[in-house]
Amino acid sequence: MAEVLKLAGAEGVSSTSGHALTYAPAVKDDPYDRPSPIPATTKLLFVTSEMGDFIKAGGLGEVSTALPRQLRAFCDVRVLLPGFRQVRQARPAMDIVRQMPRTASLPAWSLGRFATADGLTIYAVLCDELYDREGSPYGPFAGGDFGDNDIRFARLSLAAAEIAAGEADPNWKPDILHVNDWPSALAAGYLRWKGLATPSILTIHNLAYQGLYQPQRMAALGIPDLAFNVNGAEFHGKVSFLKSGIYYGSHVTTVSETYAHEITTPEHGCGLDGLLKMRMDEGRLTGIVNGIDDSWNALIEGGKTSEQIIRQWKRRNAAEIRRTFELPESRGPLFSIVSRLVHQKGIDLSLEAAETIVASGGQLVVTGRGEPRIEDAVEKLARQYPHAVAARIGFDDAEARRLFAASDFLLMPSRFEPCGLSQMYAQRSGALPIAYRTGGLVDTIDDGLSGFLFSSLTGAGLSGAVARALEAFRSKRAFRVMREHAMAKRFDWRKPTFRYADVYARALAA
């Protein structure tokens, strides 16, 4: 087995970080080379509001594409998602398992079923008045939320509970539910209110989005009055879908170990830190870092990764990106921002650090969309430095992949980041991420080895990390060693899938 770089003591100190580099043998005992912790006959319903096969808005869509497929090695898993227009267009013909009646103000629906090309069974909540519309899963493409999202996602959540009760598909009844974020979190409450003992796992991908609605909506959503309680669905005078999942669920997971600890504090807990701290003390809150798609493990044709081949591959992609974004050829470093252009992502800090990049002979390419004021600021910077900064407001997955492959460094100073995927994509692509020391960024970036972390959430803090990156770039050997270390890292789904199976086993045994 190949050796891996590790942090060490005082010898061999890197000029870029103060950390030492040395080689240590890889661990030979693989803790995930063991039997599955759950029986293969276990039936799991994975409930999600987005799935990259059909429609996605962010990281949840990526996870919902990959994790259920990985879980097939452990159990009988099926995915439940709304019958969005994109789903209906992708599968205009599907089996109708059963037609289900109206509940409160939640419309009648039909349970559709089909299989993907690779055999994954998908259930769709078919209700065109709720889901047959243009936009993202949550709102119009122009921005904002759909005004009936409480009905739309309560319908999804109750559908999950109705499947768990054996009411929607008499031939398949799950042993456990895995729900994701606020749009399906209410399923844990519906299970309890229906008197079902089916355990449920809630994964929090971003605690900042909670699904808050006025208590007057409870009757329309089929939520009993007794649930409007501090020990229930009530949150500061409103009904919280997410709190319902935390309170009524069997176990809570989130998408990195550091973020799991952060959300038990007032700073990051969004008002739910007390309940989450209780869950952690009970052993019912677990952080599991996401994986990324296997396609990121075979980026270079032929699979050869000598330093010369990597260098040539990076140069070809950089030349293509510079042509695409109309930047002049340069021997300086290429920085990138591949992100939603929103306050959370620290784009304002990146724009401050751009001064340091440009002054040092570097270039910066930005791609993404988000808040109009931030989009305007990005375009203004590109007009100010047309020879060094380029931007495209919008997102194209293929172009983003090429930008990762082209870049020397990725700017990712997120104010909070439950997990993050871009820093993993970047490292696999030989681009060293520069990130604030928070959440999943701490868990996936080795400071001074595969990227750069900083602790002061200011423009000066990020600029200091950029200066460290520039120093590494000028020291060709240090940069080569770091890039090799970054590209050697693996962020596949094997470990997180096993850890989810462990959580399922604990919930089933409780």
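Residues numbered from 1 in each chain as written. Predicted model: local features only at pLDDT ≥ 70, side-chain atom pairs only at ≥ 80, totals over all residues. Heavy atoms only, no water.

1. Looking at the overall build of the protein chain
Assigned secondary structure in the protein chain consists of 18 helices and 20 strands. The C-alpha atoms of the protein chain give a radius of gyration of 24 Å, which matches the 24 Å a tight globule of 510 residues would have. Sorting the 510 residues of the protein chain into buried and exposed places 56% on the buried side. When the accessible surface of the protein chain is split by element, carbon and sulfur atoms take 50% of a total near 21,100 Å². Taken together, the 58 basic and 57 acidic charged side chains of the protein chain have centroids lying 2 Å from each other. (Helix = DSSP H or I, 4+ residues; strand = E, 2+ residues; numbered from the N terminus. Rg over C-alpha atoms; globule rule 2.2 N^0.38 Å. Buried < 20%, exposed > 50% of the residue type's maximum accessible area, 1.4 Å probe, protein only. Areas by Shrake-Rupley, 256 points an atom, 1.4 Å probe, with all protein chains shown as cover. Lys, Arg positive; Asp, Glu negative; His and termini not counted. Charge placed at Lys NZ, Arg CZ, Asp CG, Glu CD.)

2. Focus on the sheet that holds strand 19 (residues 432-436)
Sheet strands line up and pair through hydrogen bonds in the backbone, either parallel or antiparallel. The 6 strands are arranged 17-16-15-18-19-20 in an open sheet whose pairing can be described as parallel. In this open sheet, the two strands that pair with only one neighbour each are strand 17 (389-393) and strand 20 (452-454). On average, each strand axis in the sheet is tilted by 15° relative to the strand beside it, whichever way the strands run. As defined by bridge partners, strand 16 (residues 363-368) adjoins strand 17 across 5 bridges and the pair is classed as parallel. Considered in strand 17, the bridge of Thr367 is made with Arg392. In the packing of helix 11 (residues 347-359) onto the sheet, contacts are made with strand 15 (334-338), strand 16, strand 17 and strand 18 (409-412), and the angle to strand 15 comes to roughly 170°. Of the strands in this sheet, strand 15, strand 18, strand 19 and strand 20 are in contact with helix 16 (residues 459-474), which crosses strand 20 at around 160°. (Pairing = 2+ DSSP bridges. Axes fitted to C-alpha atoms, helices over the stretch in contact; angles between N-to-C directions. Contact = heavy atoms within 4.5 Å.)

3. A short note on the pairing of strand 3 (residues 43-47)
With 4 of its 5 residues buried, strand 3 lies for the most part within the structure. Here 5 bridges tie strand 3 to strand 4 (residues 76-82), and the two strands are oriented parallel to one another. Bridging from a neighbouring strand, Leu45 pairs with Arg78 of strand 4. Crossover strand 3 to strand 4 through helix 1 (residues 59-71) is right-handed. (Right-handed = clockwise from strand over helix to strand, strands pointing away.)

4. Some words on the nonpolar core
In terms of nonpolar packing, the biggest core is built from 90 residues, with Leu45, Leu80, Tyr190, Leu242, Ile246 and Leu276 touching the most fellow members. If you tally residues by element for this core, the top one is helix 4 (residues 149-164), at 10 residues. Counting 35 residues, the second-largest nonpolar core is a separate cluster that includes Leu349, Ala353, Tyr436 and Phe452. (Core = buried A, V, L, I, M, F, W, Y, C linked by side-chain atoms within 4.5 Å.)

5. Details of helix 18 (residues 494-509)
Taking 1.5 Å of rise per residue, 16 residues should cover 22 Å, and helix 18 covers 23 Å from first to last C-alpha, within 8% of that figure. What helix 18 keeps buried is the set Pro496, Thr497, Phe498, Tyr500, Ala501, Val503, Tyr504 and Ala507. At its buried positions, helix 18 is contacted by strand 3, helix 1, strand 8 (176-180), strand 9 (200-204), strand 13 (251-254) and strand 14 (285-287). (Expected span 1.5 Å × (residues − 1).)

6. Side note on the environment of Tyr123
In this fold, Tyr123 is placed in strand 7 (residues 121-126). Spatially, the C-alpha atom of Tyr123 lies 40 Å from that of Leu432, the residues being 309 residues apart in sequence. Once residues lying within four places of it in the same chain are set aside, the contact partners of Tyr123 are Leu45, Arg78, Val79, Leu80, Leu81, Val97, Leu111, Gly112, Arg113, Ile163, Asp169 and Trp172. Polar side-chain contacts of Tyr123 include one of 2.6 Å to the side chain of Asp169. (Polar contact = N/O pair within 3.5 Å; in protein donor to acceptor, adjacent residues only side chain to side chain.)

7. Observations concerning the side chain of Arg415
Topologically, Arg415 is positioned in the loop between strand 18 and helix 14 (422-428). A distance of 2.8 Å separates the side chain of Arg415 from the backbone oxygen of His343, its partner in a polar contact. Excluding residues that lie within four positions of it along the chain, Arg415 makes contacts with His268, His343, Gln344, Gly346, Asp348, Leu349, Tyr436, Thr438 and Leu457.

8. Here's the deal with the sheet that holds strand 6 (residues 109-115)
On the basis of which strands lie adjacent, the open sheet formed by 9 strands has the order 5-6-7-4-3-8-9-13-14 and mixed pairing. Two strands in the sheet have a free side with no partner beyond their single neighbour: strand 5 (95-100) and strand 14. Looking at each pair of strands side by side, their axes are set apart by 20° on average, direction ignored. On top of the sheet, helix 1 reaches strand 3, strand 4 and strand 8; it is set at about 170° to strand 3, its chief contact. In the packing of helix 5 (residues 181-193) onto the sheet, the strands contacted are strand 3, strand 8 and strand 9, and the crossing angle to strand 8 comes to about 145°.

9. Quick look at the pairing of strand 16
The buried fraction of strand 16 is high, at 6 of 6 residues. Here strand 16 shows two buried faces, one formed by Gln363, Val365 and Thr367 and the other by Leu364, Val366 and Gly368. Relative to strand 16, strand 15 runs parallel, the two sharing 5 bridges. Bridged to Ser336 within strand 16 is Val365. After leaving strand 15, the chain enters helix 11 and then returns to the sheet as strand 16, a path that is right-handed. Regarding topology, helix 12 (residues 372-384) serves as the crossover connection from strand 16 to the parallel strand 17, and that connection is right-handed.

10. A closer look at the packing of aromatic side chains
The final tally for this structure, using the stated rule, is 22 aromatic pairs. Arranged with centres 5.3 Å apart and planes meeting at 80°, the rings of Phe153 and Trp182 form a pair that is edge-to-face. Of this pair, Phe153 sits in helix 4 while Trp182 sits in helix 5, placing them 29 residues apart in sequence. Under the relative-accessibility criterion, Phe153 is labelled buried at 0%. Assessed through its relative accessible area of 11%, Trp182 is described here as buried. Ring centres of Tyr247 and Tyr248 lie 5.0 Å apart, and the angle between their planes is 90°; on these two criteria the pair is classed as edge-to-face. The class of Tyr248 is buried, set by a relative accessible area of 9%. An aromatic cluster is defined as three or more aromatic residues linked by ring pairs; in this entry it consists of Tyr138, Phe153, Trp182, Tyr213 and Phe241. (Phe/Tyr/Trp six-rings, centres within 6.5 Å; stacked < 30°, edge-to-face > 60°.)

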